[in-house]
Amino acid sequence: MRIPAPAKTSPHSRIRRWAGCLALFLCAAAGAASLVPARAEPARDPATTVWAPGPADKWENAHPVGNGRLGAMVFGRTDEERIQLNEDTYWTGGPYTTTVKGGAEALPEVRRLVFEGRLKQAHVLFGRRLMGYPIEQQKYQSLGNLVLGFPDAGEIADYRHELDLDAAVDATSYTAGGVRYTRQVFASPVDQVLVVRIAADRPGRVSLRAQLRGERNEAHSNYATDYFRMDGAPPDGLVLRGKSADYLGIEGRLRYEARLKGLPEGGAMMVGEDELVITGADAVTLLVAAATNFVSYKDVSGDPAARVSASIDGAAGKPFEALLEAHLREHRRLFRRVEISLPSGPASDLPTAERIKAFDGTNDPALAGLVLQFGRYLLISSSRPGTQPANLQGLWNDKMNPPWDSKYTTNINTEMNYWPAEVGNLAECAEPLFRMIRELSDQGSDVAREHYGARGWVFHQNTDLWRVAAPMDGPSWGAFTTGGAWLATHLWEHYLFTGDKSFLKDAYPLLKGSAEFFLDFLVPHPTYGWLVTNPSTSPENFPSVPGQKPFFDEITTFLTTTTICAGSTIDTRILSELFADVAEAARVLGVDEELRRRVIEARAKLAPMRIGRKGNLQEWLEDWDETEKSHRHISGLWGLFPGREISKRHIGGAVPAAKVVLEQRGLTGNGWSSAWKAACWARLGDAARALENLRYAMNNYTTASLFSICANALQVDGALGFSAAVAEMLLQSQNGEIEFLPALPDVWRKGEVRGLRARGGFEIGLKWLNGRLSRATILSTIGGPCRIRIPARMHVTSLNEPIYGSAPDSGVIEFKTDPGRTYVVSRVQ
């Protein structure tokens, strides 16, 4: 039972009790624990288990838990546990704008210089007149750490640190001094608290010392305007309060509070100045809540203390079992929509770190199932309705100066984070992304007007919590004007998967506004006559332009060339799909016939895909080579994936030209690059190449906890991208028809998947044997026509009755469906 602190004690008696309790704890804690191998454990599902035989040796290998807003990385230590904490609205700075008035005056001259091939001069002028200011943006921050000290009980045996994706619970278990200890950690999306449960199989054996420790930026003196304060909160808690850092001249206007509440069962509990000590308990539940004063990107008037109190008080009134049950029910409502089973191999039961290093593509097919589910787990944990979108590191960050500021990079990374949302049956988890797009259109309309003299809205390659939209980093990165258009295609994709006309009506102004900007921004190319973006860039890839020499860039202070050009392939392919999406959305909604006509006409005038002298799909309008052979971005293949313009049945030279690019780029890059290449190979129906990229990424670009790696930094994009890539190997629906097992590797000889989504509002189940489909189920959620590419000697039934339809192409059948009805594809007996 819970032992409350005694009432009406004198200060001196409280101090004596505190001192005695601390002395008891310190005596028990003397010495250091050693670790011996774990005992045999019961079999776990290899598609939903991440585990290790020892604690995490560094932050990147810790296990993530999150409820979309609160995140934690759990190390699993037995002596001094570290649970690193994040709250998704804790960033540097405060509401600000990077829009520069009057920049549009320089746009005609920038364009003239680009068309004349004077790219250095265009770069310099863009940097002086069209870059946003400040040139950089704000940083996502670490909130702090929950540190738990445990008494040393001697040698540690039978240790296991496990993240159960199906439960979204991290568990550490071990035996010490003849006692079996278990520690469970989860972030409840229902009660909005982090829950830590510590128990032992013998009474009175749980003792611990807890601290909530803040973080502060000490890297540079001008950064260190943040602060925190650690206090005890008698009789049963701790509180951490702090302020965000000023950065780039922007005042740190966020205030935060984190609070811990201890709920011991038996034993004694004391609260000191900044520590909570529990001794001799049977079990302990610790609750952690955190919040900032963030209300929106324009409003920081919230009350973090009130928010924290509401969460803590609500959760404290419930027993641990009720907290866990509510958490499991809500998590599994989303996670269990998809199940996958692939063959296990000799490596399937190894610790995850060993498993990914041993993976050769053939010895552990079940690892692909874990990759699919881990990506879905990350999206559920880092992006829920009402939270911030998943950033470069999702929800998790332990640094005050994280790589690339752990913000939203929209020349691939943010978009890739949401690739598994629709196909992975997690459409609700994309709500934060859709809300961010709407928020970006605010400053985006200012940038369109002031920087480009255009209507609508525009957004470039990065943003932060405050939704700034102007070019940043430097001209070679900031001139990517189609970042917002790329994001807008996600709105149309959501409609294709769900058929939700109410959503489309709400999203249509964003699609329309993006199209209106480019109707104003596009200009005819003086040589070819096609409509092109100018200035333009192909993200982060510096072309080898004849005669171009490195120069010292006054913006970045790098010795560099430039990426600035006119009409990059990624720009034209994004705009081709954006214009098609807007035209079809206007038709569906019965609005804007004149705009519909204009975007159709403009789309027809866009530069086509071009094939270079090496047989490659050109990345630029001109047939330039790359300065970096295996560049991580494959932006010229946007029309293959995530776009829909190129398919393996594409007539013309685009398919072989895309293959030339993929072969030239090879396997090296980073985690998200491998995921993008795997998805492209899947679209081309090349299962072996898709699997090869998965194998290479597992061996080279994956942490022990299954996160992806980019330049030695943890990121979530690759893990989420591979989740989508595995789904693409099993199911595709991008060309108006559903195809089952379009890129199935030979080693996935048998398997089953349930719950993937296809465009048209269909939920799909697949079962196969010896590499051949044996049964498919199609649940029609909204009704309407269903077109499938059907294997030979298979037919469609529903309620044991045959379903007849038309055959618009060889091997294709189309039939009408009713909402809520399931259709079965099976072999003709």
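Throughout, residues of each chain are indexed from 1 in the direction in which the sequence is written. Since the coordinates come from a predicted model, pLDDT governs what is reported: local features require at least 70, and pairs of side-chain atoms require 80 or more to be given and counted, while whole-chain, interface and lining totals use all residues. With hydrogens and water stripped out, all remaining heavy atoms of the structure feed into the side-chain values.

1. Focus: the confidence of the model for the protein chain
Under the convention used in this document: pLDDT is a residue-level measure of predictor confidence that goes from 0 to 100. In this analysis, two residues are considered to be in contact whenever any of their non-hydrogen atoms come within 4.5 Å of each other.
Per-residue confidence for the protein chain averages 94 on the pLDDT scale, and 94% of its residues sit at or above 70. Predicted confidence is poor over residues 1–38, with pLDDT under 50, and the contacts of this stretch with residues over four places away or in other chains come to 65 contacts.

2. As for the sheet that holds strand β14 (residues 268–271)
Using the following cut-off: Strands were regarded as paired on the criterion that DSSP finds at least two bridges between them. Runs of E in the DSSP output that reach at least two residues are strands. Runs of H or I that reach at least four are helices, and both are numbered from the N terminus. Here the axes come from fitting lines to C-alpha atoms, over the contacting stretch only for helices, and the angles between their N-to-C directions go from 0 to 180 degrees.
Here we have seven strands laid out as an open sheet, ordered β2-β3-β4-β5-β10-β15-β14, and antiparallel in their pairing. With one partner strand each, in any of the chains shown, β2 (63–66) and β14 form the two edges of the open sheet. Averaged over all pairs of adjacent strands, the angle between strand axes in this sheet comes to 20 degrees, irrespective of strand direction. Strand direction decides the pairing type here: strand β3 (residues 70–74) and strand β4 (residues 80–87), joined by five bridges, are antiparallel. If you follow Gly-71 over to β4, its bridge partner there is Asn-86.

3. Description of the packing of aromatic side chains
Rules: Classification of ring pairs uses Phe, Tyr and Trp, with its six-membered ring standing for Trp, and accepts pairs whose centres are within 6.5 Å; under 30 degrees between planes counts as stacked, over 60 as edge-to-face, and the remaining range as tilted. Summary of the burial criterion: residues with accessible area below 20% of their type's maximum are buried, those above 50% are exposed, and those between are partly exposed, where the area comes from a 1.4 Å probe applied to protein chains only. Throughout this description, the term charge over a ring refers to an Arg CZ or Lys NZ atom that lies within 6 Å of the ring centre and within 35 degrees of the ring normal.
Overall, the coordinates contain 27 aromatic pairs when judged by the stated rule. Between the aromatic rings of Trp-486 and Trp-638, the centroid separation amounts to 6.0 Å while the plane-to-plane angle is 85 degrees, which identifies the pairing as edge-to-face. Taken as a pair, Trp-486 in helix α12 (residues 483–498) and Trp-638 in the loop between β25 (625–626) and α16 (654–665) lie far apart in primary sequence, 152 residues in all. By relative accessible area, Trp-486 is classed as buried at 1%. Under the relative-accessibility criterion, Trp-638 is labelled buried at 1%. Taking 5.0 Å as the distance between ring centres and 15 degrees as the angle between the ring planes, the aromatic pair formed by Tyr-528 and Trp-530 counts as stacked. A residue is classified by how much of its surface remains accessible, and Tyr-528, at 29% relative accessible area, is partly exposed. Aromatic ring contacts, followed pair by pair, group Trp-419, Trp-486, Trp-638, Phe-641 and Trp-676 into a single cluster. The ring of Phe-320 has Arg-197 lying over it, and the distance from NZ or CZ to the ring centre is 4.9 Å. One cation-aromatic arrangement involves Arg-610 over Tyr-528; the distance from NZ or CZ to the ring centre is 4.8 Å.

4. Structural notes on the pairing of strand β30 (residues 751–758)
Of all the eight residues making up β30, six are buried; the element is thus mostly covered by neighbouring parts of the structure. Taken together, the seven bridges between β30 and strand β31 (residues 762–769) define a ladder with antiparallel strand orientation. By the bridge assignment for β31, Val-753 is matched with Leu-766. Between β30 and the antiparallel strand that follows it, β31, lie three residues; Gly-760 among them carries a positive phi value of about 100 degrees.

5. Here we look at the packing of α16 against helix α17 (residues 671–683)
As a reminder of what qualifies: By definition, turning the near helix anticlockwise from the far helix through less than a right angle yields a left-handed crossing, and turning it clockwise yields a right-handed one. In this classification, the charged set is Asp, Glu, Lys and Arg, the nonpolar set is Ala, Val, Leu, Ile, Met, Phe, Trp, Tyr, Cys and Pro, and all remaining amino acids, among them Gly, are polar.
Look at α16 against α17: their axes get within 11 Å of each other, and the N-to-C directions meet at 145 degrees. Both α16 and α17 take part in a crossing whose hand is left-handed. Side by side, α16 and α17 meet where Lys-659, Leu-662, Glu-663 and Arg-665 of the first sit next to Lys-677, Cys-680 and Trp-681 of the second. Here the contact of α16 with α17 is composed, by residue class, of three nonpolar, no polar and four charged.

6. Describing helix α10 (residues 431–452)
Applied cut-off: How far a helix is expected to stretch is found by multiplying one less than its residue total by 1.5 Å. In this scheme, the bend at a residue equals the angle between the axes fitted to the seven residues that finish there and the seven that begin there.
The first and last C-alpha atoms of α10 sit 29 Å apart over 22 residues, in line with the 32 Å expected at 1.5 Å per residue. Maximal helix bending in α10 amounts to about 35 degrees, located at Asp-442. Downstream of α10 by a residue or two, Gly-453 has a phi angle that is positive, lying close to 60 degrees.

7. Details of empty space enclosed by the protein
Quick note on the threshold: Of the grid points, spaced at 1 Å and generated over the protein atoms alone, those admitting a 1.4 Å probe that cannot get out make up cavities, while open sets with protein on both sides within 12 Å along at least five of seven lines make up pockets; any residue with an atom within 4 Å of a point is treated as lining. Grid points are joined across faces, edges and corners, and a volume is the space filled by probe spheres set on the points.
Within the structure shown, the criterion is met by six cavities of 30 Å³ or more. The calculated volume of the largest cavity comes to roughly 360 Å³. Contributing to the lining of the largest cavity are 29 residues, with Trp-419, Glu-493, Phe-497, Pro-642 and Arg-759 lying nearest its centre. Going through the elements one at a time, α9 (419–423), α10, α12, α19 (717–730), β28 (731–732) and β30 are the ones with two or more residues in the lining of the largest cavity. Sorting elements by how many residues they give to the lining of the largest cavity places α12 first, with five residues. Looking at the lining of the largest cavity residue by residue, the class counts come to 15 nonpolar, six polar and eight charged. If you add up the space inside the second largest cavity, you get close to 90 Å³. For the lining of the second largest cavity, the secondary structure elements donating two or more residues are α7 (366–382), α18 (687–700) and α19. Broken down by class, the residue content of the lining of the second largest cavity amounts to nine nonpolar, five polar and no charged.

8. Topic: unusual backbone geometry
Cis geometry is adopted by the peptide bond preceding Pro-235, which originates at Pro-234 and carries an omega value of 10 degrees. Between Asn-534 and Pro-535 the backbone carries a cis peptide bond, its omega angle lying at 5 degrees. Locating Pro-535 in the fold gives a position in the loop between β21 (531–532) and β22 (543–544). Unlike most non-glycine residues, Leu-706 shows phi in positive territory, near 85 degrees. With respect to the secondary-structure elements, Leu-706 resides in the loop between α18 and β26 (708–710).

9. As for the environment of Glu-450
Short version of the rule: The definition of a polar contact used here is a pair of N or O atoms within 3.5 Å, where within protein one atom must be able to donate a hydrogen and the other to accept one, and adjacent residues in sequence count solely through side-chain atom pairs.
When you line up the elements, Glu-450 lands in helix α10. Once the C-alpha coordinates of Glu-450 and Ala-104 are considered, the two residues, 346 residues apart in sequence, prove to be 5.8 Å apart. Sequence-distant contacts of Glu-450, that is, excluding residues within four places in its chain, are made with Thr-99, Val-100, Lys-101, Gly-102, Gly-103 and Ala-104. Engagement of the side chain of Glu-450 in a polar contact is seen with the backbone nitrogen of Gly-102, the distance being 3.2 Å.

10. Regarding the nonpolar core
For clarity, the threshold we go by: Nonpolar core, defined: a set of buried Ala, Val, Leu, Ile, Met, Phe, Trp, Tyr and Cys residues in which side-chain atoms within 4.5 Å join the residues together.
Membership of the largest hydrophobic core comes to 236 residues, with the highest contact counts inside it found for Phe-740 and Ile-788. The element best represented in this core is helix α13 (residues 501–521), accounting for 11 residues. By size, the runner-up hydrophobic cluster in this structure holds 16 residues, among which are Val-195, Leu-263, Leu-287 and Leu-324.

11. As for the environment of Leu-465
Within the element layout of this structure, Leu-465 appears in the loop between β19 (462–463) and α11 (475–478). For Leu-465 and Pro-389, which are 76 residues apart along the polypeptide, the C-alpha to C-alpha distance reads 9.5 Å. Those residues within four positions of Leu-465 in sequence are excluded, and the remaining contacts are Asp-88, Thr-89, Trp-91, Leu-254, Phe-294, Tyr-297 and Gln-388.

12. Quick look at the sheet that holds strand β12 (residues 237–243)
Adjacent strands of a sheet pair through backbone hydrogen bonds, lying either parallel or antiparallel. Spatial strand order, β1-β6-β7-β8-β9-β16-β13-β12-β11: nine strands in an open sheet with antiparallel pairing. The strands lining the two open edges of the sheet, one partner per strand, are β1 (49–52) and β11 (227–233). Put simply, the sheet's adjacent strands are angled 15 degrees from each other on average, direction ignored. Looking at chain direction, strand β7 (residues 169–176) and strand β8 (residues 179–187) are connected through seven bridges and run antiparallel. Among the inter-strand pairings, Asp-170 is bridged to a residue of β8, identified as Val-185.

13. Re the side chain of Asn-534
Turning to its location among the elements, Asn-534 is positioned in the loop between β21 and β22. Residue classification places Asn-534 among the buried residues on the basis of a relative accessible area of 0%.

14. Brief notes about α16
Stated formally: Directions are taken from the helix axis to each C-beta atom, and the arc is the one they span.
With 12 residues, α16 ought to run about 16 Å at 1.5 Å a step, and its terminal C-alpha atoms sit 17 Å apart, in line with that. Within α16, burial applies to Ala-654, Val-655, Ala-657, Ala-658, Val-661, Leu-662 and Arg-665. Down the axis of α16, the buried side of the element spans an arc of 165 degrees, and every buried residue falls inside it. Against β25 and α17 lie the buried residues of α16. Directly beyond the C-terminal end of α16, a positive phi value near 70 degrees is found at Gly-666.

15. Some remarks on the pairing of strand β10 (residues 206–214)
With eight of nine residues buried, β10 lies mostly within the body of the structure. Both strand β5 (residues 144–149) and β10 contribute to a ladder of six bridges, which runs antiparallel. Residue pairing for β10: Asn-145 is matched across the bridge by Arg-213. Of the strand pairs in this sheet, β10 and strand β15 (residues 276–281) are connected by four bridges, and their pairing is antiparallel. What sits directly across from Arg-209, in β15, is Val-277.

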